[in-house]
Amino acid sequence: MNTKISLIILKNGSPKGTEVSQLVESISWSGRRGSPARTLKITLLDDDGYRHSRSGIDVEEGYQCIFSYEGKELFRGMFMTQSASSKKTASYTAYDMGIYLSNNKDTFVYENKSATDVFRDVCSRFGIPVGGAAQTAYTIPDLTKKKTTGWDAIEDALSLDYENTGAKHYVFSEGGKLYLKKRLENVKQWVLETGVNIASYQYKKSIEDVKTRIKLLSSEGTVLAQAQDNSLEAKIGTFQDIDTPDESLTTAQITSLAKSLLSEKKTPERALTLNNVIGIPDVISGTAVFVKIPHIGLNRTFYVDEDTHTFEGNLHTMSLSLNLVSETSTDTSGSSTGTAAENNSYKVGDVVQFSGGRQYVSSTASSPTNTNLSAGPAKITYTAAGAAHPWHLVHIDSKSAVYGWVDDGTFSKEA
């Protein structure tokens, strides 16, 4: 029996649940980018025995479950499929609140609304509780979606916001409510390393979709702004993409947008798959991890596109599909999307002088991963205002090996 997990079944709308952890044979908890719902698949003993009885789960009755690991709730949702076998085991699949976005259709018409407005309206239409919603910056002039899912409407709104601001947002479920959050606010920089917690990996690199220059055109075809990477073109030649931005943007915003799009599209595809990794509950799709694989010279941050966490006995492992994170990203105001922490004299992209000492795996970590790092120049790559360790630094030469989150007062302006 896994003493670290807790599985509670909620029947007939009752807030008081039934603990069935003693019946669990295995649990798989998964999610992927582009899907609004996370999934819980469980296999339970399906036989009366010593000190236990059958779970009695019936998907037709709308039974729900709460899955926790080491005292922390990871999943809350409703059972939607069940099956039984002659081996006297039963399998069940549950989905969190995001399933209501993909399983409800309507016609959606919006004028001069933000993606936040769209998110709140869709949730309101289908009675989905909202726990919180980050305010997106772009006002969408017109968005019409006929006979489609609520999730399609939200995805299109978020895509338009990203195209015009460079800011990424995502939807997730927690505690039976849906949230809209800005993606960089969730960077936690967990470290995954071969020989430590990675058992196997596959790595792919491709430049098939790389663009070396971006041209933004008006609806009449007039060039509004363009950006190009001359050094990259010297290596691989010219690959151009064009787009038409919202012309309500200012000239400075359109110029900044061109630079932001180029920054993303000039980056080669770097897809990484990790298998049988020692499980970390916080590492799910939408978060970021720092990966060290010395054999192929990999020492970088990746976003988690897809994750599957498996719990069997007392063993927790995870498999991850990852994509590369750009070191910085830019919004249409011309400043970094990373919010400056307490001291606004520093911002993402600044080169500073790290004083040496401690660094942490995440902005909220309770203990450091290193305590005696050498001093040296470094670049600020992320910030997390209000966090215990609000600055993420990356060394720029061999003087220091800092690559993680640090405290206020641990660096100064570069001399």
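All of these numbers come straight from a predicted model, not from anything done at the bench.

**Q** It is not clear to me how helix 2 (residues 115-125) should be interpreted in this structure. Could you clarify?
**A** The α-helix advances 3.6 residues per turn, and as a result positions three or four apart in sequence lie on the same side. Those residues of helix 2 not exposed but buried are A115, T116, V118, F119, V122 and C123. Down the axis of helix 2, the buried set is contained in an arc of 160°. They therefore lie on one face. Just beyond helix 2, the residue with positive phi is G127, at close to 65°.

**Q** Teacher, can you tell me more about the nonpolar core here?
**A** Soluble globular proteins: nonpolar side chains tend toward being buried together. Membership of the largest hydrophobic core comes to 24 residues, with the highest contact counts inside it found for L192, V291 and L322. If you list the elements that add at least two residues to this core, you get strand 13 (190-193), strand 18 (269-278), strand 19 (288-293), strand 20 (298-312) and strand 21 (315-324). Of all the elements, strand 21 adds the most residues to this core, at 4 residues. Counting 23 residues, the second largest nonpolar core, distinct from the first, contains I27, L40, Y63 and L74.

**Q** Help me out: how do you make sense of the sheet that holds strand 27 (residues 403-406) in this one?
**A** Either a parallel or an antiparallel arrangement is found when strands of a sheet pair, and the pairing is made through backbone hydrogen bonds. Strand order in the open sheet formed by 5 strands is 27-26-25-22-28, with antiparallel pairing between adjacent strands. Of all strands in the sheet, those with a lone pairing partner are strand 27 and strand 28 (411-413), marking the two edges. The mean inter-strand angle of the sheet, taken between neighbouring strand axes irrespective of direction, is 45°. Sheet topology note: the strand 22 (residues 351-354)/strand 28 ladder contains 3 bridges and is antiparallel. Looking at the pairing, F354 lines up with F411 of strand 28.

**Q** Help me understand helix 3 (residues 150-165) in this model?
**A** Between its first and last C-alpha, helix 3 extends 23 Å over 16 residues, near the 22 Å set by a 1.5 Å rise per residue. All buried positions along helix 3 are accounted for by G150, W151, A153, I154, A157, L158, D161, Y162, N164 and T165. Once helix 3 finishes, G166 follows within two positions and takes phi at roughly 80°, a positive value.

**Q** Looking at this structure, I do not really get the environment of L160. What am I missing?
**A** As for its position among the elements, L160 is in helix 3. For the pair L160 and D246, spaced 86 residues apart in the sequence, the C-alpha separation amounts to 9.5 Å. What L160 contacts, discounting residues up to four positions off in sequence, is Y138, I140 and L143.

**Q** Honestly, the confidence of the model for the chain in this entry has me stumped. Any pointers?
**A** The predicted coordinates should not be examined in detail at positions where pLDDT is low. Mean pLDDT over the chain stands at 86; residues scoring 70 or higher make up 90%. Summarising per-element confidence for the chain, the mean pLDDT is lowest in strand 24 (residues 370-373) (83) and highest in helix 2 (98). The model gives residues 327-343 a pLDDT under 50, and that stretch makes 45 contacts with residues more than four places away or in other chains.

**Q** Before we go on, may I ask you to explain the pairing of strand 25 (residues 376-383) in this structure?
**A** Along any regular strand the residues' side chains alternate between the sheet's two faces. Judged by how many residues are buried, strand 25 sits mostly within the fold: 7 of 8 residues are covered. One ladder, built from 4 bridges, connects strand 22 with strand 25; its direction is antiparallel. Each bridged residue has a counterpart across the sheet, and for Q353 the counterpart in strand 25 is P377. Sheet topology note: the strand 25/strand 26 (residues 391-395) ladder contains 5 bridges and is antiparallel. Paired with T383 across the two strands is W391, which belongs to strand 26.

**Q** What am I meant to see in the side chain of D229 here?
**A** Within the secondary structure layout, D229 lies in the loop between strand 16 (223-228) and helix 4 (230-236). A relative accessible area of 13% places D229 in the buried class. There is a polar contact of 2.9 Å between the side chain of D229 and the backbone nitrogen of L232. D229 has contacts with T212, L262 and K266, leaving out every residue within four places of it along the chain.

Rules and cut-offs
Residues numbered from 1 in each chain as written. Predicted model: local features only at pLDDT ≥ 70, side-chain atom pairs only at ≥ 80, totals over all residues. Heavy atoms only, no water. Buried < 20%, exposed > 50% of the residue type's maximum accessible area, 1.4 Å probe, protein only. Helix = DSSP H or I, 4+ residues; strand = E, 2+ residues; numbered from the N terminus. Arc of directions from axis to C-beta. Core = buried A, V, L, I, M, F, W, Y, C linked by side-chain atoms within 4.5 Å. Pairing = 2+ DSSP bridges. Axes fitted to C-alpha atoms, helices over the stretch in contact; angles between N-to-C directions. Expected span 1.5 Å × (residues − 1). Contact = heavy atoms within 4.5 Å. pLDDT = per-residue confidence, 0-100. Polar contact = N/O pair within 3.5 Å; in protein donor to acceptor, adjacent residues only side chain to side chain.

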